[in-house]
Amino acid sequence: MATFNNSGDFRGATLVQGDSITVTGSTLGGHLPDDAARGELQALLENLRRELAALAPDQAQPVAAQAQDLLNAPPARWAGAGRALMGAADKLIEVAPKAVDAAAKVVDFIGRFGS
């Protein structure tokens, strides 16, 4: 009988693999004031996903994992999760400045809603 070993860090796999991202159902999405705000965040995350999809998985995964953590963070952790996302993204400044910019736009957007 064959066995499957499913181990490793899969946080952010949706962003890295190029699948669509959904804000609906996320902790963060549930705390936004309306559908317009959720739609804006959805568009920002989609832009980040596109930029990360162009990178090697080992480059994209740390940023994607932090973005996923941010989506699942309660409001009290948004600021810290945003800093962690930017910390991961800043390491890509030489190879993917557009990905860094996309991450910054996500963090700036969430900053508008406080923590």
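Residues numbered from 1 in each chain as written. Predicted model: local features only at pLDDT ≥ 70, side-chain atom pairs only at ≥ 80, totals over all residues. Heavy atoms only, no water.

## Brief notes about the overall build of the protein chain
Which entries qualify depends on this criterion: Per the convention used, a helix needs a DSSP run of H or I reaching at least four residues, while a strand needs a run of E reaching at least two, with both numbered from the N terminus. We call a residue buried when its accessible area falls under 20% of the maximum for its residue type, exposed when it is over 50%, and partly exposed in between, using a 1.4 Å probe and counting protein chains only. Contacts: residue pairs with any heavy atoms within 4.5 Å of one another. With residues, only the protein chains shown are counted as cover, and all accessible areas are computed by Shrake-Rupley using a 1.4 Å probe.
Within the protein chain one finds 6 helices and 0 strands. Along the protein chain, from the amino end to the carboxyl end, the secondary structure elements read α-α-α-α-α-α. Within the span of the protein chain, comprising 115 residues, buried residues form 37% of the whole. Of all intrachain contacts in the protein chain linking residues separated by at least 6 positions in sequence, the fraction that spans at least 24 positions is 66%. Total accessible area on the protein chain is roughly 6,400 Å²; 52% of this is exposed by carbon and sulfur atoms.

## Quick look at helix H3 (residues 35-53)
Defined as follows: One less than the number of residues in a helix, times 1.5 Å, gives the span that helix is expected to have. Arc definition: it is the arc formed by the directions from the helix axis to the C-beta atoms. Each polar contact in these results corresponds to two N or O atoms within 3.5 Å; when the atoms are within protein, one needs to be able to donate a hydrogen and the other to accept it, and residues that are neighboring in sequence are counted only if both atoms are side-chain atoms.
End to end, H3 covers 26 Å across 19 residues, agreeing with the expected 27 Å (1.5 Å per residue, within 8%). Among the residues of H3, those classed as buried are Ala37, Leu41, Leu44, Leu45, Leu48, Arg49 and Leu52. For H3, the angular spread of buried residues about the axis comes to 145 degrees, placing them on one side. Turned more than 90 degrees away from the buried face of H3, the exposed residues are Asp35 and Ala36. Structurally, the start of H3 carries an N-cap: the backbone nitrogen of Ala36 is 3.2 Å from a side-chain oxygen of Asp34.

## Here's the deal with the packing of H3 against helix H6 (residues 97-111)
Rules: With axes taken as lines fitted to C-alpha atoms, and helix axes fitted only over the stretch in contact, angles between N-to-C directions fall between 0 and 180 degrees. Angle categories are assigned with fixed cut-offs, so that under 35 degrees is roughly parallel, over 145 is roughly antiparallel, 65 to 115 is roughly perpendicular, and the rest are oblique. In a left-handed crossing the near helix is turned counterclockwise from the far helix by less than a right angle, and in a right-handed crossing that turn is clockwise. Following the grouping adopted for this structure description, the nonpolar residues are Ala, Val, Leu, Ile, Met, Phe, Trp, Tyr, Cys and Pro, the charged ones are Asp, Glu, Lys and Arg, and the polar ones are all others, Gly among them.
Orientation of H3 relative to H6, taken along the N-to-C sense of each, is 160 degrees, at an axis distance of 8 Å. Between H3 and H6, the crossing angle belongs to the class labelled roughly antiparallel. Crossing hand, H3 versus H6: left-handed. Of H6, the residues touching H3 (which contributes Ala37, Glu40, Leu41, Leu44, Leu45, Asn47, Leu48, Glu51 and Leu52) are Lys98, Ala99, Ala102, Ala103, Lys105, Val106 and Phe109. Here the residues of the contact of H3 with H6 are counted per class, giving 11 nonpolar, 1 polar and 4 charged.

## Describing the environment of Val106
Structurally, Val106 can be placed in helix H6. As for Val106 and Ala67, which are separated by 39 residues in sequence, their C-alpha atoms are 8.7 Å apart. Here Val106 is in contact with Leu41, Leu44, Leu45, Leu70 and Leu85, once residues within four sequence places are set aside.

## Some details on the nonpolar core
Applied cut-off: The criterion is simple. A nonpolar core is a set of buried Ala, Val, Leu, Ile, Met, Phe, Trp, Tyr and Cys residues joined through side-chain atoms within 4.5 Å.
Ranked by size, the top nonpolar core spans 33 residues in total, and within it Leu41, Leu52, Val63, Leu85 and Val106 carry the most contacts. At the level of secondary structure, the elements contributing two or more residues to this core comprise H3, helix H4 (57-72), helix H5 (78-90) and H6. Per-element accounting of this core gives the leading share, 8 residues, to H6. With near-sequence residues (within four places) excluded, Val63 lies in contact with Leu48, Leu52, Leu85, Ala88, Ala89 and Leu92.

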